[in-house]
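Per-entry structural report
If you want the building blocks of each chain, they are given just below.
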Amino acid sequence: MSEPLTIHPHILLPPGAPARGVAAELYAEIAGAPIVSPHGHVDAALLAQDTPSSDPAALLVTPDHYVTRLLHAHGVALEDLRPPAEPRAIWRELCARWPLLAGTVVRLWLELILHDVLGVRVVPSADTADALFDELSERLALEQSRPRALYERFAIELLATTDDPADDLRHHRALAGDQRWSGRVVPTFRPDAHLDLARPGWPARIERLAAAADMPIDSYDDFVAALERRRSFFAEHGATCSDHGVEHLQTERLDDRTVRRIFAAALRGDCHRQEAVAFGAHMLDEMARMSCEDGLVMQLHPGVLRDHHGATLRAHGANAGADIPLRAEFTRALRPLLERYGTHPRFRIVLFTVDETTLSRELAPLAGFYPSVYVGAPWWFLDSPAGMLRYRRAVTDTIGVHRTAGFVDDARSLCSIPARHEVARRVDCAFLAGLVCEHRLSLGEAAAIARDLAHDLPARVFRLDGA
């Protein structure tokens, strides 16, 4: 017999009284708050074209490396989880391994999506896979399952995408010019591939950047001017942030002669790895300088070794789930940049980490001194209920909640956005309920903080409110 899929009304809230009752009261205050999603990877084309998902696998499995990496760890070949593999077969792989995902945040997200968004009432399993596939395929074909309808149903107020500097942003323009569309989708400037001189394909990317900026890039000064021009283009299309992912965090300012020489050598195809690293550190400083001038909030996501398994990269490309965290260091690495820009009135930087040992030791103290520094939400391997609670406990004693940046869902699937925000909101309410029960906060103050965390804080920190 199939097992019923249920979601307990007190899921993720404290197990005992009186904290559970307090948390439930706090959650009731914010359950219907609009969603602000300041960082993620949902493609603007999805909403511009308003094309419904063709099947459950295309919606919930194939685009989400959180899901595919775990299935791969349990023995499923990645080629069996993406086209040209047959969608029903992909779905069967997920359902057959459903018990193996128990206790993971991935399964929690999927359960919330299936139950709350898609109306599923049966637990996925090898026995129920085909029936669920048919049921969901029919449901996804309905008008209310089209991307724009889901955007409205989820009460998404703003969705930020992540975009290459050379992107023409045509889908963002299409949405902005569509009188039938009332949502707000903004781009985010992500220049990593252009700042890493050693990355394969860098010369071709510079050609694309030059074409997008409508100017030649024959020198370092041209390169900087092209980036500034594209940042302005992004801002004109609603961007409020840039985003930077680096393996090892380092910032420094090279002298003009050195940086021009390194760039010229890279154009000739003659750049050494050590010089490429120094150039990348210099360009983070340059991005901060530009942020002081144009106001784009700088998001920094360091400390991940991308594409850990070379054979997977060669066979499946980047973002296949084979990215692994590294030990991080922020205090010395950011000092040159913060010495220069840390107290500038227009500069703002949000720091994320996948090395939670840095939260109380480095990130919270940095945000506790520099007006420009905010601590980003638990990200990637830490955006789980336990990780979120550890995060709040690690930083709140030092900086409270208002030097943090609210929740960032980092979603790759539109349907996962409400599930991820649901988890974050419940965990925050559980944490705040503990402070109320310890008589450190009044219920009214905790409710105000819960509302701020759910909506106002991310809108303010990422400058999405126009301030």
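Note that the coordinates shown come from a computational prediction; the quantities given were computed from them, not determined experimentally. (Residues numbered from 1 in each chain as written. Predicted model: local features only at pLDDT ≥ 70, side-chain atom pairs only at ≥ 80, totals over all residues. Heavy atoms only, no water.)

This part is about the sheet that holds strand β4 (residues 241–246). Here we have 4 strands laid out as an open sheet, ordered β4-β5-β8-β9, and parallel in their pairing. Each end of this open sheet is capped by a strand with a single partner; those strands are β4 and β9 (373–375). The mean inter-strand angle of the sheet, taken between neighbouring strand axes irrespective of direction, is 25°. The pairing of strand β5 (residues 297–302) with strand β8 (residues 349–351) spans 3 bridges and is parallel. Paired with Met-298 across the strands is Ile-349, a residue of β8. Strand contacts of helix α17 (residues 357–367): β8 and β9, with the helix running at about 140° to β9, the strand carrying the most contacts. (Pairing = 2+ DSSP bridges. Helix = DSSP H or I, 4+ residues; strand = E, 2+ residues; numbered from the N terminus. Axes fitted to C-alpha atoms, helices over the stretch in contact; angles between N-to-C directions. Contact = heavy atoms within 4.5 Å.)

If you check helix α1 (residues 19–30), its first and last C-alpha atoms are 17 Å apart, about what 12 residues at 1.5 Å a residue would give, namely 16 Å. Those residues of α1 that fall on the buried side of the exposure criterion are Ala-19, Val-22, Ala-23, Leu-26, Tyr-27 and Ile-30. One side of α1 holds all its buried residues, which, seen down the axis, span an arc of 135°. Summarising the contacts, the buried residues of α1 are in contact with α19 (416–437) and α20 (443–461). (Expected span 1.5 Å × (residues − 1). Buried < 20%, exposed > 50% of the residue type's maximum accessible area, 1.4 Å probe, protein only. Arc of directions from axis to C-beta.)

Turning our eyes to something else, we now look at the pattern of salt bridges. This model, assessed by the stated rule, comprises 37 salt bridges. In this structure, Asp-221 and Arg-260 form a salt bridge, with 2.8 Å as the shortest nitrogen-oxygen distance. Taken together, the residues Asp-221 in helix α12 (residues 220–236) and Arg-260 in helix α13 (residues 256–267) connect sequence positions 39 residues apart. Taking the relative accessible area as the measure of exposure, Asp-221 reaches 38% and is therefore partly exposed. Here Asp-285 and Arg-253 are joined by a salt bridge, their closest N and O atoms 2.6 Å apart. Of this pair, Asp-285 sits in helix α14 (residues 273–294) while Arg-253 sits in the loop between β4 and α13; the two residues are 32 residues apart in sequence, bridging distant segments of the chain. What makes Arg-253 partly exposed here is its relative accessible area of 33%. Among the charged side chains, a salt-bridge network with shared partners connects Glu-228, Arg-253, Asp-285, Glu-286, Arg-289, Glu-293 and Arg-340. (Salt bridge = Lys/Arg side-chain N within 4 Å of Asp/Glu carboxyl O.)

Cis geometry marks the peptide bond from Ala-17 to Pro-18; its omega dihedral reads 0°. Summarising the element assignment, Pro-18 is placed in the segment before α1. The amide bond that connects Pro-83 to the next residue, Pro-84, takes the cis arrangement and shows omega of 10°. Within the fold, Pro-84 resides in the loop between α4 (65–73) and α5 (87–96). Positive phi, normally seen in glycine, also occurs at Asp-307, with a value near 55°. Structurally, Asp-307 is set in the loop between β6 (304–305) and α15 (310–316).

Let us now look at the packing of α13 against α14. It is at 10 Å that the axes of α13 and α14 come closest, and there the two elements cross at 125°. Judged by the inter-axis angle, α13 sits oblique to α14. Judged by the twist between their axes, the crossing of α13 over α14 is left-handed. On α14, the residues touching Val-259, Arg-261, Ile-262 and Phe-263 of α13 are Glu-275, Phe-279 and His-282. Looking at the contact of α13 with α14, its residues break down into 4 nonpolar, 1 polar and 2 charged. (Parallel < 35°, antiparallel > 145°, perpendicular 65-115°, else oblique. Left-handed = near helix turned anticlockwise from the far one by under 90°. Nonpolar A, V, L, I, M, F, W, Y, C, P; charged D, E, K, R; others polar.)

Considering all chains together, one arrives at 14 aromatic pairs under this definition. Relative to Trp-380, the ring of Trp-379 has its centre 5.6 Å away and its plane inclined at 55°; by these criteria the two rings are tilted. Of the two residues, Trp-379 and Trp-380, neither departs from the other in class, the shared state being buried. Taken together through their ring pairs, the aromatic side chains of Trp-202, Tyr-220, Phe-223, Phe-263 and Phe-279 make up a single cluster. Directly above the ring of Tyr-374 sits Arg-403, whose terminal nitrogen or CZ lies 4.2 Å from the centroid. A cation over a ring is seen here: Arg-420 above Tyr-66, with NZ or CZ 4.5 Å from the ring centre. (Phe/Tyr/Trp six-rings, centres within 6.5 Å; stacked < 30°, edge-to-face > 60°. Lys NZ or Arg CZ within 6 Å of the ring centre and 35° of its normal.)

Keep in mind that these numbers describe shape and distance, not what the molecule does.
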